[in-house]
Amino acid sequence: DGVLLRNGARIAITTATSVEGGPELISTTYEALPRDVKPGDRVLLADGKVELVAERVERDSFVAKVRRDGELKDRQGVHFPDSRIAYELPTEADKKNLELARVAGIDMIGISFVSRPEEVATVRAVTAVGVVVYLPNLLAARARASIEREAVSLVSVAASLIPFLEHDDANR
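First, a word on what this report is: a plain description of the structure on this page. (Residues numbered from 1 in each chain as written. Predicted model: local features only at pLDDT ≥ 70, side-chain atom pairs only at ≥ 80, totals over all residues. Heavy atoms only, no water.)

A short note on helix 2 (residues 92-103)
And then number 1: If you check helix 2, its first and last C-alpha atoms are 17 Å apart, about what 12 residues at 1.5 Å a residue would give, namely 16 Å.
And then number 2: The complete set of buried residues in helix 2 reads Lys95, Leu98 and Ala101. Down the axis of helix 2, the sector holding all buried residues measures 115°, keeping them to one side. Exposed side chains of helix 2 directed beyond 90 degrees from the buried face belong to Glu92, Lys96, Asn97, Leu100 and Val103.
And then number 3: Once helix 2 ends, the next one or two residues include Gly105, with phi positive near 85°. (Helix = DSSP H or I, 4+ residues; strand = E, 2+ residues; numbered from the N terminus. Expected span 1.5 Å × (residues − 1). Buried < 20%, exposed > 50% of the residue type's maximum accessible area, 1.4 Å probe, protein only. Arc of directions from axis to C-beta.)

Right, dumping it as structure tokens:
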């Protein structure tokens, strides 16, 4: 069903989509990933439950060490909090879903894993409603140094910010 990634293990993430995934190799459809991820960058998998740290970048992949273990399943979210990714958020699919939410008459929408105020502003422009931004690991010791500056810029375009601290982060 899922793949358990253990603390301290190494895993390669490749853009070759024809590979069979497992605890040592997974694939992604994001082709620019090896260009955008640098050694030392964190990668959050399984909607933020699993944390990796990139160690080595190759032509079509990178190797990372598991910092926070957990189960990885197909089609879960991935986030690159330390990387400047080269694609636009929200995606076209996100925009279609936001438009459906607007038509349905929603009053507020929550988004997570945002990096720039422009992403929040786009969501707000599409939906014309308030936007609540969830900032995973905002209070965690391993949060990136620039998070305070980012939070200040995000709050200027969001209806509110909700810091999220996972239970196991409190003990780190």
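The rest of the description comes next.
Notes on the environment of Leu98
And then number 1: Structurally, Leu98 is set in helix 2.
And then number 2: With residues near it in sequence (within four places) discarded, Leu98 still touches Pro90, Ile109, Val123, Val126 and Thr127. (Contact = heavy atoms within 4.5 Å.)

Some remarks on the environment of Leu52
And then number 1: Mapped onto the secondary structure, Leu52 falls in strand 5 (residues 50-57).
And then number 2: Judged by its relative accessible area of 0%, Leu52 falls in the buried class.
And then number 3: Taking the C-alpha atoms as reference, Leu52 lies 9.3 Å from Gly8; in sequence the two are 44 residues apart.
And then number 4: With residues near it in sequence (within four places) discarded, Leu52 still touches Ile11, Ile13, Asp41, Arg42, Val43, Leu45, Ala64, Lys65, Val66 and Arg67.

Regarding the sheet that holds strand 2 (residues 10-14)
And then number 1: Read from one edge of the open sheet, 5 strands run 3-2-6-5-4, paired in mixed fashion. Two strands close off the open sheet at either side, each with one partner strand: strand 3 (25-27) and strand 4 (42-45). Taking the axes of each pair of neighbouring strands and ignoring which way they run, one obtains an average angle of 35° across the sheet. (Pairing = 2+ DSSP bridges. Axes fitted to C-alpha atoms, helices over the stretch in contact; angles between N-to-C directions.)

Description of the pattern of salt bridges
And then number 1: Applying the stated criterion across every chain, the model contains 8 salt bridges.
And then number 2: Residue Glu58 pairs with Arg56 through a salt bridge whose shortest N-O separation is 2.9 Å.
And then number 3: Residue Glu58 is classed as partly exposed on the basis of its relative accessible area, which comes to 38%.
And then number 4: With a relative accessible area of 44%, Arg56 lands in the partly exposed category.
And then number 5: Between Lys95 and Glu92 there is a salt bridge, with the nearest N and O atoms lying 3.4 Å from each other. Here the residue Lys95 and the residue Glu92 both occupy positions in helix 2, the gap between them amounting to 3 residues, near one helical turn.
And then number 6: The exposure class of Lys95 is buried, given its relative accessible area of 19%.
And then number 7: The structure contains a network of salt bridges with shared partners spanning Glu51, Arg67 and Arg68. (Salt bridge = Lys/Arg side-chain N within 4 Å of Asp/Glu carboxyl O.)

Focus: the side chain of Asp36
And then number 1: With respect to the helices and strands, the residue Asp36 is situated in helix 1 (residues 33-36).
And then number 2: When residues no more than four places from it in sequence are discounted, the contact partners of Asp36 are Tyr30, Asp41, Ser83, Arg84, Ile85 and Ala86.

Brief notes about helix 3 (residues 117-127)
And then number 1: Those residues of helix 3 not exposed but buried are Pro117, Glu119, Val120, Val123 and Thr127. Down the axis of helix 3, the sector holding all buried residues measures 165°, keeping them to one side.

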